[in-house]
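# Examining the three-dimensional arrangement
Given next are the chains, with one letter for each unit.
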Amino acid sequence: MSGRTTAAGRPEPPGGRSAFRVDVRRCGFHKPDPQIYHVMLERMRLEGCDVLHVGDDPVEDVVAAQRAGLDTVWINRDHLEWTHDEAPSMAADLRELTLRLTSR
């Protein structure tokens, strides 16, 4: 471990990667409002370009996160067609995403 901590005060994982959750009931914003992602960025002290948001709902997860300036991956388990403006990266499931992120 690096000895550094995340914004939540937890030890930072190797490579600086971490997961972070914002409780929509407490922050006052709900998906698909992009403001929920701005709350998360502020709490983590990051910019949108520093975060990869992974979600399985095209509108509530992906489009909203894109509007907040985050890079996105759509977990498209049903192999649906993307019907919105900017197409995100796609993966069929978390295993495929993990393999893509860890292979070089």
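Shown above is the structure to which this text applies.
For clarity, every value in this text was computed on a predicted model and none was experimentally measured.

## Digging into the overall build of the protein
Helices and strands together make up the secondary structure of the protein, namely four helices and three strands. In the protein, the order of α-helices and β-strands from amino to carboxyl end is α-α-β-α-β-β-α. Once local pairs closer than 6 in sequence are excluded, the contacts in the protein between residues at least 24 apart make up 22%. Accessible surface computed for the protein: about 7,400 Å², of which carbon and sulfur atoms make up 47%.

## Description of the pairing of strand β1 (residues 52-55)
Side chains on a regular strand alternate between the two faces of the sheet. In β1, alternate side chains face the same way, and those of H53 and G55 are buried while those of L52 and V54 on the opposite face are not. Sheet analysis places β1 next to strand β2 (residues 71-75), joined by four bridges and oriented parallel. Following the sheet pairing, V54 is matched in β2 by V73.

## Focus on the environment of L94
Within the element layout of this structure, L94 appears in helix α4 (residues 94-102). Sequence-wise, L94 and I75 are 19 residues apart; in three dimensions their C-alpha atoms are separated by 7.1 Å. Those residues within four positions of L94 in sequence are excluded, and the remaining contacts are V54, I75 and R77.

## What to know about the environment of N76
Looking at where N76 falls in the secondary structure, it is placed in the loop between β2 and β3 (89-91). Classification of N76 by relative accessible area gives buried; the value is 6%. Once the C-alpha coordinates of N76 and D93 are considered, the two residues, 17 residues apart in sequence, prove to be 6.8 Å apart. When neighbours within four sequence positions are excluded, N76 is seen to be in contact with M90, A91 and A92. Among the polar contacts made by the side chain of N76, one reaches the main-chain carbonyl oxygen of L80 at a distance of 2.9 Å.

## Topic: helix α2 (residues 35-44)
Every buried residue belonging to α2 is among I36, Y37, V39, M40, L41 and M44, and all of these are buried. Downstream of α2 by one or two residues, R45 has phi in the positive range, about 60°.

Here is what the cut-offs are and how they apply
- Residues numbered from 1 in each chain as written.
- Predicted model: local features only at pLDDT ≥ 70, side-chain atom pairs only at ≥ 80, totals over all residues.
- Heavy atoms only, no water.
- Helix = DSSP H or I, 4+ residues; strand = E, 2+ residues; numbered from the N terminus.
- Contact = heavy atoms within 4.5 Å.
- Areas by Shrake-Rupley, 256 points an atom, 1.4 Å probe, with all protein chains shown as cover.
- Buried < 20%, exposed > 50% of the residue type's maximum accessible area, 1.4 Å probe, protein only.
- Pairing = 2+ DSSP bridges.
- Polar contact = N/O pair within 3.5 Å; in protein donor to acceptor, adjacent residues only side chain to side chain.

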